[in-house]
Amino acid sequence: MAEVTNSLVLSSNVLNVKLAGAEPALNVYYNTAGSRKPAVVLAVDQSPLPALGASAILVDSTPVDGVSGLRTPPERVRSNTFEPNATSPTGYQTWWESFHILPREFAFGNLLASQSAPIEVYSAFRREDQNWTAFTNNAGAGVVIGGQPSFPHVFRPQSSGGLTLELQVSTSGQPTVDATLDFVFNTVPQTIAVPITLKRVVLFSIQPEMPYTERLQWLTEVQSHVDGTEMRVSARKTPRQFFEWDFFLEDDGMERSFFHNVMFDWQSRVFGLPLWKELTRTTSAVTAGDTTIIVQRTAYADYRVGGLFLIFNGRGSFDVLDISSVTATSVVATSGTNNSYPTGTFVMPLRVGVAKSNVSGSRYVSADAKMKIIFRVTDNDADLADLSAWNSYNSKLLIDGCNSVRGATAEQFLNSFIEFENATGLTYQASPWANSKRLTQLALLAKGDQGLWEARQMLHAIRGRQTSFYAATFSNDFLVDGDVTAGDILNVKNVGYTQFVNSRQPWDTIRIEYNNGDADDIRTITSSAESSATSEALTLNAAVAAHTIAEIKKISFVEKVRFDSDTVSIRHEVGETTTRITAPVKTVFD
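Predicted model only: the values in this text are computed from it and were never measured.

## With respect to helix H3 (residues 448-462)
At step 1: The terminal C-alpha atoms of H3 lie 21 Å apart, and with 15 residues this matches the ideal 21 Å at 1.5 Å per residue to within 8%.
At step 2: Counting buried residues in H3 gives 11 out of 15 residues, a clear majority hidden from the surface.
At step 3: Listed in full, the buried residues belonging to H3 are Asp449, Gly451, Leu452, Trp453, Ala455, Arg456, Gln457, Met458, Leu459, His460 and Ile462.
At step 4: The positive-phi residue at the C-terminal boundary of H3 is Arg463, with phi of around 60°.

Below, the structure is given as structure tokens:
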């Protein structure tokens, strides 16, 4: 648009603006007649209009109260910036001479506690009074608009601020709502339908017995070649999460009755699931309306921005809020609490889930009961992958702690067999694989909240069967034959390694552990030879320091493996100190 000069002339109720280098002038008229507020009317004189650029702003100069002017042609009406040749009515033409409901839709998502939201009815008619004649609530019980006027309700032109009401949604009502709130007017269109969607969720507030099992489940497509190599593709970005919870319900309390009543009505529907293992406590009192909740800590707990968290002071006193942000000692909600809470109130992340199968258990003679529920989390959509807390080898995860199996563990050697058999003569058997694969069980012990969090991050990075990693066998796979001399030759007892293995993967890498405080050595066996009937010499890819036999704690293989199941079990033990993570692992030819 042309640049405005300093030639501004205010005379009576006319402001004349001279455009630099162009005619005509733009006249702004102030209408002070009548009982309404003074209106500003723009008019352009009868001279030809200058050329308009793509970012020009055009105005409607329809005569108002006797002031003459030119109406902008319909094909040039736009709001803000526009394309010069567009012809469909947009901008103010779709705003004026209409009713508007703001916001235009309500999507509450999962509803675990009562919520409210402002809703505004606005008349954008500029010259005539209009009527709101009726309202129809199609969302059913538990959805109410407070402050409704008596009908018909008259709106003056461009009603200042509109009419602001309050939409109130409670946890009572239909489990799922996908409906409209219909506002009926005496205009065209006569009805404005405002969509409203929500899913009511019941907080499962009974704390489970310890220990309990959590399972993470990925989905991997494994395509095997005839020679035993594999291509593995993950079909699931984040794992499905399951909780297997046991509940001991005493007959003389309220929990058994509450449990039975909930299962009677809500078993197939959505529950709010507190993450009891990750709870913390408030360090100061919370007043109703507070959005910042000060807690002991949030580290090593799965608080997710955009997710839910729970403030819990009993089944009758709790708040479920959306997370806006998280600091080391606070959780900030997107809205204020409905209740007040004392110092020491439980705070924890909350997930949403459903009962995976029928609920079963035992009822005792005393009328007490023990019930079991398997919950499947439906909002586990965060990728926590991070290996920064773990050791690595050859740019892959290295698990070199201890294998914390309990009792005996299964072990298998797997191969692919091809057998030629005609049922009449000799048979022949062969394998397209270079050697067998070993299948066994891996159990990791995570200590404390930090250990569990780091293990969870590791599991997300491995993604079930998809990604291979290195793990020690934790066995005495070799015994040294005398003291170890400095250099790249390691003399060990003859166990048939040269004859049968001969430096082939995955048994070509070893870990040497020491008793004297020296760091472990991981070496690759480049070749081997039998020194005698009782001794073998292993040639290593790098030298090791001299050590006595007494200083050698263990020599074990470091295998390249993958999980042999997409399901990993996490056993949460009593207290906050130990968690046991178990899954089968199988060596690979990667």
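Anyway, onward from the coordinates.
## What about the sheet that holds strand E9 (residues 143-146)?
Two orientations exist for strands paired in a sheet by backbone hydrogen bonds: parallel and antiparallel.
At step 1: Read from one edge to the other, the open sheet built from 4 strands follows the order E5-E7-E11-E9, with strand pairing classed as antiparallel. Both edges of this open sheet fall to strand E5 (99-102) and E9, since each of them pairs with a single strand only. Sheet twist, expressed as the average angle between the axes of neighbouring strands with direction ignored, equals 25°.
At step 2: Note that E9 and strand E11 (residues 163-169) share 4 bridges and pair antiparallel. Residue Gly146 lies in a different strand from E11, and its bridge partner there is Glu166.

## Notes on helix H2 (residues 255-266)
At step 1: Taking 1.5 Å of rise per residue, the 12 residues of H2 would be expected to cover 16 Å, and the 16 Å separating its terminal C-alpha atoms lies within 8% of that figure.
At step 2: Looking at the buried residues of H2, the elements they touch are strand E13 (191-200), strand E14 (202-203), strand E18 (240-249), strand E19 (270-274), strand E26 (360-363) and strand E27 (369-377).

## Brief notes about the sheet that holds strand E6 (residues 106-111)
At step 1: What the 5 strands build is an open sheet, ordered E6-E13-E12-E8-E10; its pairing is mixed. Looking along the sheet, the strands with just one partner apiece sit at the ends: E6 and strand E10 (153-155). In this sheet, neighbouring strand axes are inclined to one another by 25° on average, regardless of whether the strands run parallel or antiparallel.
At step 2: Bridge analysis of strand E8 (residues 130-137) against strand E12 (residues 176-185) gives 5 bridges, and the strand direction is antiparallel. Across the sheet, residue Ala134 finds its bridge partner in E12, namely Val184.

## Some points on the nonpolar core
Proteins that are soluble and globular tend to have nonpolar side chains buried together.
At step 1: Formed by 36 residues in total, the largest nonpolar core has its most connected members in Phe204, Phe259 and Ile373.
At step 2: Contributing elements (two or more residues each) for this core: E18, H2, E19, strand E22 (308-312), strand E25 (346-355) and E27.
At step 3: Discounting chain neighbours no more than four positions away, the residues touching Phe204 are Phe247, Phe259, Met263, Phe271, Gly272, Leu273, Pro274, Ile373 and Phe375.
At step 4: Counting 28 residues, the second largest nonpolar core, distinct from the first, contains Ile101, Val121, Ala179 and Leu181.

## Some remarks on the environment of Ala367
At step 1: Among the structural elements, Ala367 can be located in the loop between E26 and E27.
At step 2: A C-alpha to C-alpha distance of 9.4 Å links Ala367 and Arg256, two positions 111 residues apart in sequence.
At step 3: Here Ala367 is in contact with Asp251 and Arg256, once residues within four sequence places are set aside.

## Thoughts on a negative patch on the surface
At step 1: A cluster of acidic residues, Glu209, Glu250, Asp252 and Glu255, forms a negative patch at the surface.
At step 2: Relative to the helices and strands, Glu255 is located in helix H2.

Criteria and cut-off values
- Residues numbered from 1 in each chain as written.
- Predicted model: local features only at pLDDT ≥ 70, side-chain atom pairs only at ≥ 80, totals over all residues.
- Heavy atoms only, no water.
- Helix = DSSP H or I, 4+ residues; strand = E, 2+ residues; numbered from the N terminus.
- Expected span 1.5 Å × (residues − 1).
- Buried < 20%, exposed > 50% of the residue type's maximum accessible area, 1.4 Å probe, protein only.
- Pairing = 2+ DSSP bridges.
- Axes fitted to C-alpha atoms, helices over the stretch in contact; angles between N-to-C directions.
- Contact = heavy atoms within 4.5 Å.
- Core = buried A, V, L, I, M, F, W, Y, C linked by side-chain atoms within 4.5 Å.
- Patch = residues over 30% accessible without salt bridge, like charges linked within 9 Å, V, L, I, M, F, W, Y side chains within 5 Å.
- Areas by Shrake-Rupley, 256 points an atom, 1.4 Å probe, with all protein chains shown as cover.
- Salt bridge = Lys/Arg side-chain N within 4 Å of Asp/Glu carboxyl O.
- Lys, Arg positive; Asp, Glu negative; His and termini not counted.
- Charge placed at Lys NZ, Arg CZ, Asp CG, Glu CD.

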